[in-house]
Amino acid sequence: MIRMFLSLATAAFLTAAYPQAAAAAQGNASTRSGAKPAVTGVVNINSASTIDLAALPGIGAKTAARIVEYRQKNGPFKKIEELMNVPGVGEKSFLKLKGQITVAAAKTDRAQQ
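Residues numbered from 1 in each chain as written. Predicted model: local features only at pLDDT ≥ 70, side-chain atom pairs only at ≥ 80, totals over all residues. Heavy atoms only, no water.

Draft legend 1. Inspection of the nonpolar core at higher detail. Within the largest apolar cluster, 19 residues are counted, with the highest numbers of intra-cluster contacts made by L53, I67, L83 and I101. When residues of this core are assigned to their parent elements, the largest contribution, four residues, is made by helix α4 (residues 61–74). (Core = buried A, V, L, I, M, F, W, Y, C linked by side-chain atoms within 4.5 Å. Buried < 20%, exposed > 50% of the residue type's maximum accessible area, 1.4 Å probe, protein only. Helix = DSSP H or I, 4+ residues; strand = E, 2+ residues; numbered from the N terminus.)

As structure tokens, then:
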């Protein structure tokens, strides 16, 4: 009981004395949780970097690297379903990604003229 009280008192003192350290510790805890930044918009799997691909749900750094490697070996994806040919991307992963990926070329100013 005394140990718990002393631990709590020490923690309260350190938090009051060093608020920047407490805030940094909380920030580090959220960083360690492995949370990915949310993907906004649709990702073109033919032009996305490994960082862009790794931000997709269910795609980690290794799978993102495999996607880029597959794209370099086999050329651009013709349809999004071809993503399931990449080792590590199964049907379940693909279904999570389906609405967030595309193979369509981005419209350029030349195409709009």
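Draft legend 2. Fine view of α4. Between the first and last C-alpha of α4 there are 20 Å, a value that for 14 residues agrees with the 20 Å anticipated at 1.5 Å per step. All of the buried residues in α4 are T63, A64, I67, V68, Y70 and R71. Buried residues of α4, viewed axially, fall in a sector of 160°; they line one side. Away from its buried face, by an angle of more than 90 degrees, α4 presents the exposed residues A61, K62, Q72 and K73. Elements in contact with the buried residues of α4: α3 (50–54). G75 sits one or two residues past α4 and shows a positive phi near 85°. (Expected span 1.5 Å × (residues − 1). Arc of directions from axis to C-beta. Contact = heavy atoms within 4.5 Å.)

Draft legend 3. Summary view of the packing of aromatic side chains. Tallied over the full model, the rule gives one aromatic pair. The interplanar angle of 20° and the centroid separation of 5.5 Å between the aromatic rings of Y70 and F77 together place this pair among those described as stacked. Judged by its relative accessible area of 4%, F77 is buried. (Phe/Tyr/Trp six-rings, centres within 6.5 Å; stacked < 30°, edge-to-face > 60°.)

Draft legend 4. Focus on the pattern of salt bridges. Summed over all chains, the structure comprises one salt bridge. For E69, the salt bridge goes to K73, with nearest N and O atoms at 3.7 Å. In this pair, E69 and K73 both sit in helix α4, four residues apart, roughly one turn of the helix. A residue is classified by how much of its surface remains accessible, and E69, at 42% relative accessible area, is partly exposed. A residue is classified by how much of its surface remains accessible, and K73, at 66% relative accessible area, is exposed. (Salt bridge = Lys/Arg side-chain N within 4 Å of Asp/Glu carboxyl O.)

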